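# Structural description and commentary
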Amino acid sequence: HLVDCVLLFEGERERSYRTLRALKNRFGATSETGVFEMRSGGLVEVEDPSARFVGEATAAAGSVVLCAMEGTRPLLVEVQALVAPTEVVPPRRVANGIDRNRLAMILAVLARHGGVQVGSADVFVNVAGGVRVDEPGADLAIALAVASAHRGESLADAEGRPLACFGEVGLTGELRYVAHAERRVAEALKFGLGPVVGPRIQEAPGGLDMHGTLRRALAGSRRARPDGRQFAAAA
């Protein structure tokens, strides 16, 4: 072995957060990650990154909190979406922190099975903080953020707390199981984000609002806003 370990720092130059990933590790797992913050004295470990990201999350339309897994660690990150009219043909699809092809698939499923038509609009999706999420459990967060931005309705509750969610979206509009549901839900509930919207699973943990399809998740995710308005989900 010429190389025993390969480590990669991810993150945008303008952002203070950096994610450390192991691409090759002869003596241990490659699924573990670390989150660091660049300060004046150098890189410092962020012991509770979920608290940082949740604290910066907004209650605006187009914002949800994803209950993600980074290795064996649950991580809460904010997923933001912006849907804007455009005269550009074809419309732009910009994805920061997620796979662009995955975004295109989710937009197609939203149009076909969710009643959310954004074919003539620019769509921008960003994972706040410069974090990159590569797991399928981010699908539902992307879909709900885009739907919220498209309708201009916040998914935050009456106290301004953002909606937390996770789940894989299938091509037929169903929500599919993803691993470590209990740990994802527990992490969200620790910060008062509940109930968590997610797929149907056996032996579901408390605090999980389960839905079998994307359309039902859109309808079930309507939340009362401080001004009394609600998210107008598809019927």
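Figured I'd write up the structure that's included with this text. (Residues numbered from 1 in each chain as written. Predicted model: local features only at pLDDT ≥ 70, side-chain atom pairs only at ≥ 80, totals over all residues. Heavy atoms only, no water.)

### Overview of the overall build of the protein chain
To keep it simple, the criterion reads: Note on conventions: DSSP H or I runs of at least 4 residues are helices, E runs of at least 2 residues are strands, and numbering of each starts at the N terminus. Using C-alpha atoms as the atom set, the radius of gyration is obtained and then compared with a globule rule of 2.2 Å times the number of residues to the power 0.38. Note on exposure labels: buried denotes an accessible area under 20% of the residue type's maximum, exposed denotes more than 50%, and partly exposed covers the range between, all computed with a 1.4 Å probe on protein chains only. Throughout, a residue-residue contact means that at least one pair of heavy atoms, one from each residue, lies within 4.5 Å. By the counting scheme adopted, Arg and Lys are positive, Glu and Asp are negative, and His together with the chain ends is not counted. For this purpose, a charge sits on NZ of Lys, CZ of Arg, CG of Asp or CD of Glu.
The number of helices and strands found in the protein chain is five helices and 13 strands. Here the protein chain has a C-alpha radius of gyration of 18 Å; the compact-globule value for 235 residues is 18 Å, and the two agree. With the C-alpha coordinates aligned to their principal axes, the bounding extent of the protein chain is approximately 55 × 45 × 35 Å. Going through the 235 residues of the protein chain one by one, you find that 48% of them count as buried. Pairs at least 24 apart in sequence give 61% of the contacts found in the protein chain among residues at least 6 apart. Between the averaged position of the 28 positive side-chain charges in the protein chain and that of its 28 negative side-chain charges there is a distance of 4 Å.

### A word on the pairing of strand S3 (residues 33-39)
Rules: Note on pairing: two strands pair once DSSP finds at least 2 bridges between them.
With five of its seven residues buried, S3 lies for the most part within the structure. Pairing of strand S2 (residues 17-25) with S3, which is carried by five bridges, proceeds in the antiparallel orientation. Residue pairing for S3: Arg-21 is matched across the bridge by Thr-33. Between the antiparallel neighbours S3 and strand S4 (residues 42-45) lie two residues.

### Thoughts on the pattern of salt bridges
What counts is decided by this rule: Salt bridges are counted wherever a side-chain nitrogen of Lys or Arg sits within 4 Å of a carboxyl oxygen of Asp or Glu.
Taken as a whole and judged by the stated rule, the model has twelve salt bridges. The salt bridge partner of Asp-122 is Arg-92, with a shortest N-O separation of 2.7 Å. Separated by 30 residues along the polypeptide, Asp-122 in strand S8 (residues 121-127) and Arg-92 in the loop between strand S6 (73-85) and strand S7 (93-96) bring together distant segments of the chain. Asp-122 sits in the buried class, given a relative accessible area of 2%.

### Re the sheet that holds strand S1 (residues 5-10)
Quick reminder of the rule: Lines fitted to C-alpha atoms define the axes here, with helix axes fitted over just the stretch in contact, and angles between the N-to-C directions of these axes take values from 0 to 180 degrees.
Taken together, the four strands give an open sheet; going across it, the order is S1-S2-S3-S4, and neighbouring strands pair in antiparallel fashion. Each edge of the open sheet carries a strand with a single partner, namely S1 and S4. Strand after strand, the sheet turns through a mean of 35 degrees between neighbouring axes, direction not considered. Summarising the sheet, S1 and S2 pair through six bridges and their orientation is antiparallel.

### Details of helix H3 (residues 139-151)
The condition that has to hold: Between the first and last residue of a helix there are one fewer steps than residues, each counted as 1.5 Å, and that sum is the expected span.
Helix length check: H3 (13 residues) gives 19 Å between terminal C-alpha atoms against 18 Å at 1.5 Å per residue, within 8%. A large share of H3 lies buried, amounting to eleven of its 13 residues. Regarding H3, the residues found buried are Asp-139, Leu-140, Ala-141, Ile-142, Ala-143, Leu-144, Ala-145, Val-146, Ala-147, Ser-148 and Ala-149. Just downstream of H3 lies Gly-152, where phi reads positive at about 70 degrees.

### A word on the environment of Gly-192
With respect to the element layout, Gly-192 can be found in the loop between helix H4 (181-190) and strand S12 (196-199). For Gly-192, a relative accessible area of 29% corresponds to the partly exposed category. Along the sequence, Gly-192 and Ala-164 sit 28 residues apart, while their C-alpha atoms lie 9.8 Å from each other.

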